[in-house]
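Listed below, chain by chain, are the residues.
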Amino acid sequence: MAEPQPPSSPRPADPDRAPALVRALDVATSGVLVCDARAPGGVRITYVNAAFERLVGRTRDELLGLDPALLASEAADPEDERALGRALVQEVAHAATMTLKRRDGSAFRVEMKITPVRDADGVLTDWIAVVDDVTDRLDALDRLAVAEARYRELVEYVPAVSYVANWDEHSTLTYVSPQIEGMLGWPPEAFIADQGLWYRCIHPDDVARVREHEARSYADGTRVDMEFRMLRRDGAELWVRDKETVIRDADGVPAFSQGVLVDVTPSRASQGELAADEHHRAQRYLDIAGAIIVVLDANARITLLNRAGAELLGYSEGELVGQHWYDVVVPERLRVTGRAAFAEEVGAGVDDAVHESIVLTKDGDERTIAWRDTIVRDDSGAVTAVMSSGVDLTERRAAEEQIAYLAYHDPLTGLPNRALLQEHLDLALARARRQGEAVGLLYLDLDGFKLVNDSLGHPAGDELLCHVTMRLSERRRGMDLLARQGGDEFLLLLADLERPQAEAHARRVAEDLLKALAEPFSISGAEFHIGASIGISLYPRDAADADELLRHADAAMYAAKAAGRNGVTVYNGDPHEPLERLSMTSRLRKALDREELILHWQPIVDPADGTLRKLEALVRWQDPFRGLVMPDDFIAFAEETGYVDRIGDWVVAAVRDQVLAWEADGLKPPRVTVNVSPRQLRRPDFGARLLGLITPGDVASRFTVEITESAAMADPLRTDPVLTELVAAGIEIAVDDFGAGYSSLSRLRTMPVQVLKIDKTFLQGVPHDAQATAIVTAIIELARALGMEAVAEGVENEDQRAFLVERGCPLAQGYLLGRPVPADEIEPLLARAGSPSRS
């Protein structure tokens, strides 16, 4: 028996336009299938478009002549198959959700609409089917059903009815979303109060089928997924799809069900009988495909726009034909770039381009469309047109944006919620650990809010919260994050704070917030005074992580309330309590054992030209819980407990090893400065201990030891012999923070000191403060007169650097000239420096 062939194409009404219509079917996103209803042996496929080939993974040659029933999956619902069979026997149009299989056997779900085609005598000749892959959409519904168990509030924004029912034989409803009133005309509470109302709203002819399906699902512990008819309160009939999800407990036993009810009436509407003429048949294919089909000639003029496209844009059919697409349909701001992209696409002649663009409707609305373009060529291969199939994504994008917004924002005030604050807090803490900064968290609870709620009701309370939000928002920095914790509680995140000033800054912000609330609020014609209790917690001083920071801020807030309300309290966890001291002692010991201490290196340069002269080694603690801990946060405690000796030994050994490693790599590091604490200097064996660490490799001549001014001036009988011993070994001695203590010039003249480091507090006022300028100038002159080298610390701006150059200060350091960085980041500077002098 000969293989069935596609039916011959009758002459189209418009021979120039029909090929374009046929090609349009091949770029349509919906699959189109034509079957011969009179073929011997049963229905056989006579035509498929490219979209249908892609859906089933078979070529057109493989599909032609095939029994379409062979494409059904073994997982197909028998009821769906029986309903399709009845439609074929009765020769009536039918729409259903079916499960098909691809060539590789994989199953996928489709929405299929079949329409009978009859000849002039009314005899059935063909079946036409339009098929859309809805697998992703159904999977999305599954995910939505799961999400609704946790985010019930969000269902109010979904264009479908959501419900929750007990897992019992009656499927007792416990929740119905407000959308039910728009769909059926009954408020949601009516269905809760009268459980029988649900079934009375189901079409009488479908009630038995629905109850039978629900009973079977309950017995089997499976979900309901079916379509049936319902009746509105006014008697109008509509088709709905009921898709249910079974929520199970930890043991896998069904606990309750939840589902969505979607109006699918439009998708089931009859498409009418197709015309016999090929032109009208192709046009009908385009119209029922649901996608926007537009054909633009090489000059971007519209030669074809299907009904879906015309309806979306708000024009009548044919009204746009002949007009320029970019003049009429594209917003003015996008026309230049749009024309350029179209010209490039036509010039390149690339098929299957996929992109999104904005179109402008006749009413001025903008819609977002996803396009797939196909190039149309003439017999010579020249590009004559671009055929595009589009899908409107506007509502989908808006819904995605709305859901994303609601997931991270408070619906009443519009402020970030706790979830968004948590994300920003985690990022702020990560930055603070890397950069050695602080993070502040303010916990604010309104005082007197309950009075407004009790007196005027919740609407007035909501209005007050919105007014409070406006005032608080006006007083925060742009970089700070204000969030609503819930109820009358707010959180303010202060990131990127300098650690020494963190508490003072947080206090100023908190006091400013209290001032913002000081003026009375006018609500419903009455004036109310609302105060607030604010608790402050700081990282890393008060907490090591986000949870601890929040707990301590909360505790501080309650302490503020206990202290009399309308005040500010900073978390007062005392680090000198026995348990805290034990914890710090243990952590410092573990830090040394686990090699958590690291060195950062700050350049000391000639301020005139930036030439590298020395490096200062600065210790940091890379605490796995608190991040990068600066020496101000642990050295004083280490000195108090005696751990500073071990830390000092580690620093000297680490500097020695790094200097030797750099030299082994061919680099020539300059003299390196290390800090020595007063406790270390008081040890009688300090000199021998230090020299014992640095003698290997003969690096003593490249060390500068910094001692504080107070340590240098105290107990000369003990310190001078030690310093003299170090100088004799080639080590340079520097007095750090000179000018901050009480120096004796006669004592300074006799000490074995080669370097004076000017305290950075003096430099802060230079050159605008006359006294500070005079002091710094005097120290530079004093160092020069005593044959010592002056080093200015804390150079942070160009005016300070220029001043030092003018006064002849030989060396300087500070953030302007180079921040402290790890060894690998200072090595490029060493490589550029070449062979610096080692003064």
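This one's a predicted model, so the numbers in the text were calculated from it and none came from an experiment. (Residues numbered from 1 in each chain as written. Predicted model: local features only at pLDDT ≥ 70, side-chain atom pairs only at ≥ 80, totals over all residues. Heavy atoms only, no water.)

S.K.: When you look at the overall build of the protein chain in this model, what are you seeing that I'm missing?
M.R.: When you go through the protein chain residue by residue, the secondary structure sums to 32 helices and 31 strands. Taken across its 839 residues, the protein chain has 48% of its residues classed as buried. Partitioning the contacts of the protein chain with sequence separation of at least 6, the portion at a separation of at least 24 is 58%. Carbon and sulfur atoms form 52% of the exposed surface of the protein chain, whose accessible area is close to 39800 Å². (Helix = DSSP H or I, 4+ residues; strand = E, 2+ residues; numbered from the N terminus. Buried < 20%, exposed > 50% of the residue type's maximum accessible area, 1.4 Å probe, protein only. Contact = heavy atoms within 4.5 Å. Areas by Shrake-Rupley, 256 points an atom, 1.4 Å probe, with all protein chains shown as cover.)

S.K.: Before we go on, may I ask you to explain the side chain of Thr-135 in this structure?
M.R.: On the secondary structure map, Thr-135 appears in helix α5 (residues 135–148). Of the polar contacts made by the side chain of Thr-135, one reaches the side chain of Asp-133; its length is 2.8 Å. Look past the residues within four positions of Thr-135 in its chain and what remains in contact with it is Phe-108 and Arg-109. (Polar contact = N/O pair within 3.5 Å; in protein donor to acceptor, adjacent residues only side chain to side chain.)

S.K.: Looking at this structure, how should I read the packing of helix α30 (residues 770–785) against helix α31 (residues 798–807)?
M.R.: A pair of packed helices is characterised by two quantities: the angle between their axes and the separation of those axes. Where α30 contacts α31, the axes come no closer than 11 Å and their chain directions differ by 40°. The orientation of α30 relative to α31 falls into the category oblique. Where α30 crosses over α31, the handedness of that crossing is right-handed. Residue-level contacts link Thr-773, Val-776, Thr-777, Ile-780 and Arg-784 of α30 to Phe-803, Leu-804 and Arg-807 of α31. Here the residues of the contact of α30 with α31 sort into 4 nonpolar, 2 polar and 2 charged. (Axes fitted to C-alpha atoms, helices over the stretch in contact; angles between N-to-C directions. Parallel < 35°, antiparallel > 145°, perpendicular 65-115°, else oblique. Left-handed = near helix turned anticlockwise from the far one by under 90°. Nonpolar A, V, L, I, M, F, W, Y, C, P; charged D, E, K, R; others polar.)

S.K.: Sorry, what's going on with the sheet that holds strand β10 (residues 254–263) here?
M.R.: The strands that make up a sheet pair up through hydrogen bonds in the backbone, lying either parallel or antiparallel. Within the open sheet, the 5 strands sit side by side as β7-β6-β10-β9-β8. Their pairing is antiparallel. The open sheet has two free edges, formed respectively by β7 (173–176) and β8 (225–231), since each of these has just one partner strand. For this sheet, the mean inter-axis angle between neighbouring strands, taken without regard to orientation, is 25°. Alignment of strand β9 (residues 237–248) against β10, held across 9 bridges, turns out to be antiparallel. Bridge pairing links Arg-241 to Val-262 in β10. (Pairing = 2+ DSSP bridges.)

S.K.: Can you help me understand the packing of aromatic side chains in this one?
M.R.: Describing an aromatic ring pair means giving the distance of the ring centres and the angle of the ring planes. This structure, assessed with the given rule, holds 7 aromatic pairs. Arranged with centres 6.0 Å apart and planes meeting at 80°, the rings of Trp-325 and Trp-371 form a pair that is edge-to-face. Of the two residues, Trp-325 is situated in helix α13 (residues 325–328) and Trp-371 in strand β14 (residues 366–377); the sequence distance between them amounts to 46 residues. Each residue in the set Tyr-163, Phe-191 and Trp-198 is aromatic and connected to the rest through ring pairs, giving one cluster. If you follow Arg-233 out to its NZ or CZ, it ends over the ring of Trp-186, 3.9 Å from the centre. (Phe/Tyr/Trp six-rings, centres within 6.5 Å; stacked < 30°, edge-to-face > 60°. Lys NZ or Arg CZ within 6 Å of the ring centre and 35° of its normal.)

S.K.: Explain helix α17 (residues 449–456) to me, please; I cannot follow it from the model alone.
M.R.: Every α-helix winds through 3.6 residues per turn, so residues three or four apart in the chain are directed the same way. Among all positions of α17, only Phe-449, Val-452 and Asn-453 are buried. Projection of α17 onto a plane perpendicular to its axis shows the buried side chains occupying an angular sector of 95°, all on one side. α17 presents Lys-450, Leu-451 and Asp-454 as exposed residues on the side facing more than 90 degrees away from its buried surface. Where α17 is buried, its residues touch β16 (438–447), α18 (458–475) and β20 (526–528). (Arc of directions from axis to C-beta.)

S.K.: Can you walk me through the pattern of salt bridges in this structure?
M.R.: Close approach of charged atoms allows side chains with opposite charge to pair. Enumeration according to the criterion identifies 47 salt bridges in this entry. Across the pair Arg-60 and Glu-53 runs a salt bridge, and its minimum N-O distance is 3.6 Å. Take Arg-60: its relative accessible area is 27%, and that puts it in the partly exposed class. Glu-395 is the salt-bridge partner of Arg-367, the closest N and O atoms lying 2.7 Å from each other. In this pair, Arg-367 sits in strand β14 while Glu-395 sits in helix α15 (residues 394–408), placing the two residues 28 residues apart along the sequence. The class for Glu-395 is partly exposed, based on a relative accessible area of 48%. Overlapping salt bridges, with partners in common, bring together Arg-109, Asp-225, Arg-241 and Lys-243 in one network. (Salt bridge = Lys/Arg side-chain N within 4 Å of Asp/Glu carboxyl O.)

S.K.: Help me understand the packing of α18 against helix α19 (residues 502–516), please; the structure alone is not making it clear to me.
M.R.: The contact between α18 and α19 brings their axes to 9 Å, and the two run at 140°. By the criterion of interaxial angle, the relationship of α18 to α19 is oblique. α18 and α19 meet at a crossing whose hand is right-handed. Two secondary-structure elements touch here, α18 through Arg-471, Leu-472 and Arg-475 and α19 through Asp-512, Leu-513, Lys-515 and Ala-516. Grouping the amino acids of the contact of α18 with α19 by side-chain chemistry returns 3 nonpolar, no polar and 4 charged.

S.K.: I'm lost on the confidence of the model for the protein chain in this one. Help?
M.R.: Of the residues in the protein chain, 89% reach a pLDDT of 70 or more, and the chain-wide mean stands at 85. Counting contacts from residues 270–279, a segment whose pLDDT is below 50, to residues more than four positions away or on other chains yields 27 contacts. Low pLDDT, under 50, characterises residues 574–582; the predicted model gives this stretch 7 contacts beyond four residues in sequence or across chains. (pLDDT = per-residue confidence, 0-100.)

S.K.: Just to check I follow, could you spell out the sheet that holds strand β15 (residues 383–392) for this structure?
M.R.: Reading across from one edge, β12-β11-β15-β14-β13 is the order of the 5 strands in this open sheet, with antiparallel pairing throughout. A strand with exactly one partner marks an edge of an open sheet, and here the two such strands are β12 (302–305) and β13 (353–360). Averaged over neighbouring strand pairs, the angle between their axes works out to 30° when direction is ignored. As paired elements, strand β11 (residues 292–297) and β12 share 3 bridges and run antiparallel to each other. Note on β12: the bridge partner recorded for Leu-296 is Ile-302. Across the sheet, helix α14 (residues 335–348) touches β11, β13, β14 and β15, and the angle it forms with β15 is around 125°. Along the sheet, α15 contacts β13, β14 and β15; its crossing angle with β14, the most-contacted strand, is approximately 135°.

S.K.: Got a minute to help me understand helix α16 (residues 418–435) in this structure?
M.R.: Between the first and last C-alpha of α16 there are 25 Å, a value that for 18 residues agrees with the 26 Å anticipated at 1.5 Å per step. Taken together, the buried positions of α16 are occupied by Leu-420, Leu-421, Leu-425, Ala-428, Leu-429 and Ala-432. Projected down its long axis, α16 carries its buried residues within an arc of 165°, all on one side. For α16, exposure combined with an orientation more than 90 degrees from the buried face picks out Leu-427 and Arg-434. In this fold, the buried residues of α16 make contact with α15, β16, β17 (481–486), β18 (489–497), β21 (531–539) and α20 (546–562). N-cap assignment for α16: the residue whose side-chain oxygen lies 3.2 Å from the backbone N of Ala-419 is Asn-417. (Expected span 1.5 Å × (residues − 1).)

S.K.: Explain the nonpolar core here, please?
M.R.: Membership of the largest hydrophobic core comes to 74 residues, with the highest contact counts inside it found for Trp-601, Val-655, Ile-731, Val-776 and Leu-804. Per-element accounting of this core gives the leading share, 9 residues, to helix α23 (residues 643–664). Among all residues touching Val-776, those that are not within four sequence positions of it are Ile-758, Phe-762, Leu-763, Val-766, Phe-803 and Leu-804. Grouped together as the second largest cluster of nonpolar side chains are 34 residues, Leu-472, Phe-490, Ala-502 and Ile-530 included. (Core = buried A, V, L, I, M, F, W, Y, C linked by side-chain atoms within 4.5 Å.)

S.K.: When you look at a negative patch on the surface in this model, what are you seeing that I'm missing?
M.R.: Taken together, the side chains of Glu-423, Asp-426, Asp-545 and Asp-547 make up a negatively charged region of the molecular surface. On the secondary structure map, Asp-547 appears in helix α20. (Patch = residues over 30% accessible without salt bridge, like charges linked within 9 Å, V, L, I, M, F, W, Y side chains within 5 Å. Lys, Arg positive; Asp, Glu negative; His and termini not counted. Charge placed at Lys NZ, Arg CZ, Asp CG, Glu CD.)

S.K.: Please explain the pairing of strand β6 (residues 161–166) as it appears in this structure.
M.R.: Working note: regular strand, side chains alternate between the two faces of the sheet. The element β6 is extensively covered by neighbouring structure, given that 5 of its 6 residues are classed as buried. Two strands pair when backbone bridges link them, and β6 and β10 are joined in this way by 6 bridges, in the antiparallel orientation. Looking at β10, one finds that Ser-162 is bridged to Val-260. Here β6 pairs with β7 via 3 bridges, running antiparallel. Paired with Tyr-163 across the strands is Val-176, a residue of β7. Taking the residues between adjacent antiparallel strands as the criterion, β6 and β7 are bridged by 6 residues, where Ser-171 takes a positive phi near 50°.

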